[in-house]
Amino acid sequence: MKFKADEIASVIRHEIEHYQSRIDVRQVGRVLEVGDGIARVYGLSDVMSGEMVEFPGGVCGLAFNLEENSVGVIILGDFLEISEGDEVRSTGELLSVPVGDAVLGRVIDPLGNPLDGKGPIASSQRRLVEEIAVGVADRQPVVEPLQTGIKAIDAMTPIGRGQRELIIGDRKTGKTAICIDTIINQKRSDVKCFYVAIGQKESTVSGLIDVLEKHGAMEYTTVIVAGAADPAPLQYVAPYAGCAMAEYFMFKGEHALIVYDDLSKQAAAYRQISLLMRRPPGREAYPGDVFYCHSRLLERAAKLNNKLGGGSLTALPIVETLEGEVSAYIPTNVISITDGQIYLQPDLFFAGQRPAMNVGISVSRVGGKAQVPAMKKVAGGLRLDLAAFRELEAFAQLGTDLDAATQARLDRGYRMTELLKQGLYHPLDVTDQVMVIFAGTRGWVDQIPRDRIAAWEKAFLAFVHERKEDYWRRLSELGQMTNELAAELETLLREFNKEFAPEKSKEKTVTA
C-alpha cells in the first residue's frame, strides 16, 4: 500500500486551519437525596434561582431552594428515574416553552412536549415561562368586550379583553362549563384560547378536548395538561407555561384568552413542594409567598397600549371552594387580585338554574365599559331587579298574601330567571342575547307560562333568523339599541307572540 504524501498533507493542513480550541466547562453536582418530585443536590455552588439543571436520561429540574450546602431542585419529569449519587449539570438557562401558531390545536404538557400523538411542535420561537408583567404605563383601560355567549354573564358581569375574572364555587357547580362555553364562543372572533388543566383527571380532560373538537374550537385552542397523576412540580409550573404561550399573541398585537382550571390545585401543589423543601408554613400550611405565586401570574393578563400593538390577554382563573367558604385563604387571595368574580352557588345549580350564578356576590369591576352599547341599554337594571326579586321571593315563601303589583314583580322575576337559563355548550351571539333580554325586561314574556319560556326563546330566535334577518343584521352592525330599533323590535315581538299564543293555549296556564 502506497501513501500519497500530498493527500496526507492536505488533510493535515485542513485540520490545522479549522482547529478550534473548545473546552466544555460545566458545573456539575451530585444528588444527595431524591423523592416526591424533589432532589437535594450538592456541588452546584454557582447555580441561579430558577435555573434549569439536567439529570441523567434527559430529565430536567428547576433550582428552587438555594441553601448553604446544597440546592433544592424540583424535578419536572419522572423522579423515579433519578438515583442518589447521579451527576447533575447546570445549563445556564431559564425554563422556556415553544410558542407561536405551531402550538394552536395541540395538547401539550407544561414543558411543551406533545401529548396528542401528532408529532413534535414545529416552532423555532420560545418564551421564558417566568416573565415580569408589563407596567402600568404600558397598559390601557379595559373597554373592549370579550363575549362569553352566556346571557347571565354578558348582561350582568361582563368580561372585557385584558380583564381577570375569577370563576369561583364548590365542585360540580359548572365552573369549567362556563369557561368551555366562552372558548367555543370565540369561534366568531379573533381570540386565541389556552386551557390549562391542573390536577384534573385525564378522563375529564379527554372529554373536554372531545367537546372542543366537536364544536370546531380546537383549531384556535391549545390545551396544556398537568394531570392528577403528574408530579407536583409540573402542576405548579403549568399555568406559567400556558401564560407564556398566550403572551406571545398579546405582544404580537393579537388577542388571547387563558383559563386556569384550577388555581386551588396549583396552590396545593406549591404547598406540597414548599413543605418538602422545608420552607416555613403559614396559614392553612401554605407558604408565605403563595399570594405572590398567584399575583405574578394573574398580573400578566393585560390590555396593552397602542404603542405596543394593543394586544390583550384575558384570564379566567377558577378557584374551588369547600362548602361555599369564600373567605378561605386561597379564595380571598385570588378575589383580591382579580377584577371581579362570578360566584356559582350549589343551591341554585341543584334548583336547575344553569349557570348557577349568585347575582348578589358576583361582580365585574370593569362593569358596563366592557359591554356593547345595546346590551348596556337593555340590561342596565337587570342585576338590581334580580337581586330585589331574590329578596321578594324569600319573603313570598312565608305564605303572606301579596298585592297585585308585588305578584306582578314576582311573575316577571320568575320568567327572567327562566330566560337566563342556558344549555351546556350552546353560547349565544350577543345580538340574540340583546333581543331576548329586551323581551324579558319589557314584559313580552309576562303572559308566557314559565315552563314554556325555553320553547318561546328558541322559537323567537328562529323566527328572527328565518324571517327578519335584515333587522338582526342592522342591530348587529350598529351595536346600539336606538329608539327606532327598539320600536321595530316591539313590533316583531307583538307579531311573534300572536303566532306563539295558540301553542300556549294547549297547555294549562302555570301561575307563578
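Residues numbered from 1 in each chain as written. Predicted model: local features only at pLDDT ≥ 70, side-chain atom pairs only at ≥ 80, totals over all residues. Heavy atoms only, no water.

### Things to note about the overall build of the chain
So, point 1. Looking only at helices and strands, the chain features 16 helices and 16 strands.
So, point 2. Structurally, the chain occupies a C-alpha span of about 110 × 55 × 45 Å along its principal axes.
So, point 3. Taken over 512 residues, the chain has a buried fraction of 52%.
So, point 4. For the chain, contacts bridging at least 24 residues in sequence account for 74% of all contacts bridging at least 6.
So, point 5. A total accessible area of about 24100 Å² is found for the chain, and carbon and sulfur atoms account for 52% of it.
So, point 6. Averaging the coordinates of the 58 positive side-chain charges in the chain and doing the same for the 70 negative ones gives two points 5 Å apart. (Helix = DSSP H or I, 4+ residues; strand = E, 2+ residues; numbered from the N terminus. Buried < 20%, exposed > 50% of the residue type's maximum accessible area, 1.4 Å probe, protein only. Contact = heavy atoms within 4.5 Å. Areas by Shrake-Rupley, 256 points an atom, 1.4 Å probe, with all protein chains shown as cover. Lys, Arg positive; Asp, Glu negative; His and termini not counted. Charge placed at Lys NZ, Arg CZ, Asp CG, Glu CD.)

### A few points about the environment of Thr148
So, point 1. Locating Thr148 in the fold gives a position in the loop between strand 9 (126–128) and helix 2 (151–156).
So, point 2. Take Thr148: its relative accessible area is 1%, and that puts it in the buried class.
So, point 3. When the C-alpha atoms of Thr148 and Gly340 are compared, they prove to be 15 Å apart, with 192 residues separating the residues in sequence.
So, point 4. Within the local environment of Thr148, its side chain forms a polar contact with the backbone nitrogen of Ile150, the two atoms lying 3.1 Å apart. (Polar contact = N/O pair within 3.5 Å; in protein donor to acceptor, adjacent residues only side chain to side chain.)

### Here's the deal with the side chain of Gln422
So, point 1. One can find Gln422 in the loop between helix 12 (404–419) and helix 13 (430–441).
So, point 2. You can call Gln422 buried: its relative accessible area is 12%.
So, point 3. Within polar-contact distance, the side chain of Gln422 engages the backbone oxygen of Gly149 at 2.6 Å.
So, point 4. At a separation of 3.1 Å, a polar atom in the side chain of Gln422 contacts the main-chain carbonyl oxygen of His426.
So, point 5. If we ignore the near neighbours within four places in the chain, the residues touching Gln422 are Gly149, Ile150, Lys151, Arg354, Pro355, Pro427 and Leu428.

### Quick notes on the sheet that holds strand 3 (residues 51–54)
So, point 1. Taken together, six strands build a closed barrel; the order of strands is 1-2-5-4-3-6 and the barrel is antiparallel. Within the sheet, the average angular offset between the axes of one strand and its neighbour, ignoring direction, is 45°.
So, point 2. Both strand 1 (residues 28–35) and strand 6 (residues 87–94) contribute to a ladder of three bridges, which runs antiparallel. Among the inter-strand pairings, Arg30 is bridged to a residue of strand 6, identified as Glu87.
So, point 3. The strands touched by helix 5 (residues 232–251) are strand 4 (60–66) and strand 5 (71–76); relative to strand 5, the strand with the most contacts, the crossing angle is about 80°. (Pairing = 2+ DSSP bridges. Axes fitted to C-alpha atoms, helices over the stretch in contact; angles between N-to-C directions.)

### Some points on the packing of helix 12 against helix 13
So, point 1. Two numbers describe how helix 12 lies on helix 13: the axes approach to 10 Å, and their chain directions differ by 170°. In terms of orientation, helix 12 lies roughly antiparallel with respect to helix 13. Of the two elements, helix 12 crosses helix 13, and the hand of that crossing is right-handed. Taking contact as the criterion, the partners of Arg412, Met416 and Leu419 in helix 12 are, on helix 13, Val436, Gly440 and Thr441.
So, point 2. Here the contact of helix 12 with helix 13 is built from residues that sort into three nonpolar, two polar and one charged. (Parallel < 35°, antiparallel > 145°, perpendicular 65-115°, else oblique. Left-handed = near helix turned anticlockwise from the far one by under 90°. Nonpolar A, V, L, I, M, F, W, Y, C, P; charged D, E, K, R; others polar.)

### Some remarks on the pattern of salt bridges
So, point 1. Going through the model one piece at a time under the given rule, you end up with 30 salt bridges.
So, point 2. Its salt-bridge partner being Arg296, residue Glu130 comes within 2.9 Å of it at the nearest N-O pair. Taken as a pair, Glu130 in the loop between strand 9 and helix 2 and Arg296 in helix 7 (residues 290–298) lie far apart in primary sequence, 166 residues in all.
So, point 3. The partner of Arg390 in a salt bridge is Glu393, with the nearest N and O atoms 3.4 Å apart. Residue Arg390 and its partner Glu393 are both found in helix 11 (residues 382–396); the two are separated by three residues, about one turn of the helix.
So, point 4. Judged by its relative accessible area of 31%, Arg390 falls in the partly exposed class. (Salt bridge = Lys/Arg side-chain N within 4 Å of Asp/Glu carboxyl O.)

### Thoughts on helix 3 (residues 175–185)
So, point 1. Here helix 3 lies mainly inside the structure; ten of its eleven residues are buried.
So, point 2. Turning to helix 3, its buried residues are Lys175, Ala177, Ile178, Cys179, Ile180, Asp181, Thr182, Ile183, Ile184 and Asn185.

### Details of a nonpolar patch on the surface
So, point 1. Taken together, the side chains of Ile8, Ile12 and Ile16 define a hydrophobic patch exposed on the protein surface, amounting to about 290 Å² of accessible area.
So, point 2. With respect to the secondary-structure elements, Ile8 resides in helix 1 (residues 5–17).
So, point 3. Look at Ile8 and you get partly exposed, because its relative accessible area is 41%. (Patch = residues over 30% accessible without salt bridge, like charges linked within 9 Å, V, L, I, M, F, W, Y side chains within 5 Å.)

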